[in-house]
Amino acid sequence: MRKINKIACIGAGYVGGPTMAVIAQRNPNIDVTVVDLNAIRIAAWNDADLTKLPIYEPGLDQIVAEARGRNLFFSTDVESAIDQADMIFISVNTPTKTYGKGKGQAADLKFIELCARQIARVATTDKIVVEKSTLPVRTAEALKSILHNTGNNVKFDILSNPEFLAEGTAVSDLQNPDRVLIGGESQEAIQALVNIYATWVPSERIITTNLWSSELSKLVANAFLAQRVSSINAISELCEVTGADVNEVAHAIGMDSRIGSKFLKASVGFGGSCFQKDILNLVYIAKSYGLQEVADYWEQVIIMNDHQKIRFADNIIKTLYNTVNGKNIAFLGWSFKKDTNDTRESAAIYVADHLLDEQATITVYDPKVTAEQIYADLDYLGTRTSEENRKLVKVVNDPYIACQDAHAIAVLTEWDAFKTYNWKLIYENMYKPAFVFDGRNLLDKKQLNEIGFQFYSIGQ
Ligand code: UDX
Ligand code: ADP
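This write-up is about the structure you can find in this document. Within each chain, residue numbers correspond to sequence positions counted from 1 in written order. Just so you know, chain letters begin at A and ligand numbers begin at 1, following the order they were written in. Note on the predicted model: pLDDT of at least 70 is required for a residue's local features to be given, and 80 or more for side-chain atom pairs to be given and counted; whole-chain, interface and lining totals, by contrast, use all residues. In computing side-chain values, all of the structure's heavy atoms are included and hydrogens and water are not.

A few points about the environment of Ala352
Helix and strand definitions here come from DSSP, where helices need a minimum of 4 consecutive H or I residues and strands a minimum of 2 consecutive E residues; each element is numbered from the N-terminal end. Counting through the fold element by element, Ala352 comes out in helix H13 (residues 347-357). Taking the C-alpha atoms as reference points, Ala352 and Arg117, 235 residues apart in sequence, are found 41 Å from one another. Ignoring anything within four residues of it in the chain, the contact list for Ala352 reads Phe331, Trp334, Ile362 and Leu378. Throughout, a residue-residue contact means that at least one pair of heavy atoms, one from each residue, lies within 4.5 Å.

Re the nonpolar core
As a rule of thumb, nonpolar side chains are buried together in soluble globular proteins. Among buried residues, the Ala, Val, Leu, Ile, Met, Phe, Trp, Tyr and Cys ones that are joined through side-chain atoms within 4.5 Å form a nonpolar core. Each residue gets one of three labels from its accessible area relative to the maximum for its type: buried under 20%, exposed over 50%, partly exposed in between, using a 1.4 Å probe on protein chains only. Residues Ile7, Met87, Phe89 and Tyr197 are the most contacted members of the largest nonpolar core, which totals 44 residues. Sort the elements by how many residues they give to this core and helix H8 (residues 187-197) lands first, with 7 residues. What Ile7 contacts, discounting residues up to four positions off in sequence, is Met20, Ile23, Ile30, Asp31, Val32, Thr33, Ala85, Met87, Phe89 and Ile196. In terms of nonpolar packing, the next biggest core, distinct from the first, is built from 37 residues, Leu264, Ile349, Ala352 and Ile362 among them.

Considerations on the site of ligand 2
Neighbouring residues are identified by heavy atoms, a residue being near a molecule or strand if any of them is within 4 Å of it. Taken together, 15 residues are adjacent to ligand 2, and Tyr14, Val15, Asp36, Arg41 and Arg344 come closest. Polar contacts here mean pairs of N or O atoms no more than 3.5 Å apart (in protein, one a potential hydrogen donor and the other a potential acceptor; neighbouring residues in sequence count only if both atoms are side-chain atoms). Between ligand 2 and the protein, one listed contact pairs an oxygen atom with a side-chain N or O atom of Asp36 at 2.6 Å. Relative to its unbound accessible area of 580 Å², ligand 2 is 89% covered by the protein chains. Split into classes, the residues belonging to the shell around ligand 2 amount to 7 nonpolar, 5 polar and 3 charged. Surface accessibility in these figures is a Shrake-Rupley result with a 1.4 Å probe; residues are shielded only by whichever protein chains are displayed. Note on residue categories: nonpolar means Ala, Val, Leu, Ile, Met, Phe, Trp, Tyr, Cys or Pro, charged means Asp, Glu, Lys or Arg, and polar means any other residue, Gly included.

Re helix H10 (residues 246-254)
For an α-helix, the turn length of 3.6 residues means that residues three or four places apart are oriented alike. Among all positions in H10, only Val246, Ala250 and Gly254 are buried. Within H10, the buried residues cover an arc of 65° as seen down the axis, which keeps them to one side. Exposed residues lying more than 90 degrees from the buried face of H10 are Glu248, His251 and Ala252. Put simply, Asp245 is the residue that caps the front of H10, since its side-chain oxygen is 2.8 Å from the backbone nitrogen of Asn247. Regarding the arc, it is the one traced by the directions from the helix axis to the C-beta atoms.

Details of the side chain of Lys327
With respect to the helices and strands, Lys327 occurs in the loop between helix H12 (292-319) and strand E9 (328-332). By the counting scheme adopted, Arg and Lys are positive, Glu and Asp are negative, and His together with the chain ends is not counted. By salt bridge we mean one thing: a side-chain nitrogen of Lys or Arg within 4 Å of a carboxyl oxygen of Asp or Glu. One buried charged residue, Lys327, remains without a salt bridge, the closest side chain of opposite sign being Glu358 at 10 Å. Side-chain polar atoms of Lys327 contact the backbone oxygen of Thr323, separated by 2.8 Å. If sequence neighbours within four positions are ignored, Lys327 has contacts with Leu320, Tyr321, Ala360, Thr361 and His407.

Points about the sheet that holds strand E1 (residues 6-10)
Being paired, for any two strands, means DSSP has found at least two bridges between them. The mixed open sheet is built from 8 strands, whose spatial order is E3-E2-E1-E4-E5-E6-E7-E8. Edge positions in the sheet fall to strand E3 (72-75) and strand E8 (206-209), since each has one partner strand and no second. Pairwise comparison of adjacent strand axes, ignoring direction, gives a mean angle of 25° for this sheet. Summarising the sheet, strand E7 (residues 180-184) and E8 pair through 4 bridges and their orientation is parallel. Orientation is described by axes fitted as lines to C-alpha atoms, over the contacting stretch for helices, and by angles from 0 to 180 degrees between their N-to-C directions.

Here we look at empty space enclosed by the protein
Only protein atoms enter the calculation, which uses a 1 Å grid: trapped sets of points that fit a 1.4 Å probe without letting it out are cavities, open sets showing protein on both sides within 12 Å along at least five of seven lines are pockets, and any residue with an atom within 4 Å of a point is a lining residue. Grid points are joined across faces, edges and corners, and a volume is the space filled by probe spheres set on the points. Summed over the entire model, instances satisfying the criterion amount to 1 cavity of 30 Å³ or more. Here the largest cavity is characterised by a volume of approximately 50 Å³. Around the largest cavity, the lining residues are Glu131, Ser133, Leu135, Ser160, Asn161, Pro162, Glu215 and Lys218. Here the lining of the largest cavity is built from residues that sort into 2 nonpolar, 3 polar and 3 charged.

Concerning the site of ligand 1
Around ligand 1, the structure places 20 residues, and the nearest of them are Phe164, Glu167, Ser267, Lys337 and Arg440. The contact in question runs from an oxygen atom of ligand 1 to an N or O atom on the backbone of Phe164, over 2.6 Å. Contact distances for ligand 1 include 2.7 Å between an oxygen atom and a backbone N or O atom of Glu167. For ligand 1, the accessible surface in isolation is 660 Å², of which the surrounding protein chains cover 91%. Counting residues per element, the shell around ligand 1 draws most heavily on helix H9 (residues 211-242), at 4 residues.

Looking at the pattern of salt bridges
Counted by the stated rule, this structure contains 25 salt bridges. Put simply, Lys155 and Asp157 hold a salt bridge, and the shortest N to O gap is 3.4 Å. Judged by relative accessible area, Lys155 falls into the partly exposed class, the value being 40%. Here the salt bridges do not stand alone but share partners, grouping Arg2, Lys155, Asp157 and Glu188 into one network.

Okay, structure coming up:
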């Protein structure tokens, strides 16, 4: 049996950081070193002040406190971590390509390839290389080809072990996963990874498959989840014109055990680093095999999601008498979902961009997202100069200040705290009529109507 004493993880992001923290916590006999090129990120992982960890996830600070320095290490020394490890996880980012062939659809694998080349160059002993990042199907083939053609007689076994954690619940998802999926060719390598998870995951929840099934399952899981959100969002628009209530419809259909009740919350649109990217990836793969109908089918999930974001922004404009020019819109929430500081692909970014095109001014409050991040997200779109973004968008750290003198409030993230605000006080300090556009169906409609708000939610 292959014994694993040392693990290296390349990439200290939303996937690598929490996953390795839990593996280290549950396997005190294995040394786990998480490395990253980004020295600022590594310094934050090593910060004595646990509120400064680069990623906010409920419960993560305690796990880091328990394992860090014992058998969990964060470092920028990528080469020595690779050299010493028996098993190497690759958890680098795989963004959608922004150039060349497959632009806007295919995953950009340059970070993965750089890792593979670095591993090939540095390794002097046999390694198990684990794909943790979400990757297109048959990436393992490319990894294998790079690793096996180095000529230094090191044996590499490649495994696919996609991560299914959701942000905001990463720690509980890792501690108590629905399943762990491991794909590979070498039974010995598969077993080595199974043993690591088996220290806390019941064996019936650890499934093993061939490499390609594992790689594809990850894309498909995300595509199905995103499809549910787009499906209920499509129905939300129908509800608004027919007088049905999307929450009631979701509840009614969700009680059918074949459909299930989860992931049926209508919203301003899904965000996050995975859904859009993985579907685009699926679409690209389907197209590259000439499966146009398959590609079109899945692409529709994204088209619907884009429509939902724009529809939300357009409804604000239409309701505010067809113009938001010079009007102040307060944004409650900027992250792509509650309990995370991650803003990648957040609906808030696109709603803001659309309203700014109509010359609104926006004041944002989010309990976990920094002003720098919000400006970076807007600047990244390249719609207007960074000076203009800073002129039109204010970021404040008090929700009551955000809503003061606003013409309308838009709820973009479902942070629990928003529900318990003093809405009467907020109402008093706004322009009248005071509008609330609840993009998350979070607030109490009846209560807000009684206070005097003109209240709009999704699908009602
Ligand atoms: C997702 C997958 O859930 C996870 O398994 C995978 O590993 C990574 O991608 P994540 O993006 O972190 O996780 O969050 P998720 O909870 O799936 O939410 C994605 C987006 O969909 C969020 O913007 C969320 O607000 C939205 N959503 C989710 C809805 O609008 N309605 C729902 O019913 C559920
Ligand atoms: P994810 O959500 O997939 O974890 P992140 O962007 O949060 O994505 O994290 C990926 C991390 O991988 C980043 O911190 C990035 O600096 C790091 N990274 C990318 N390429 C390399 C590399 N070749 N060596 C080390 N770290 C890398």
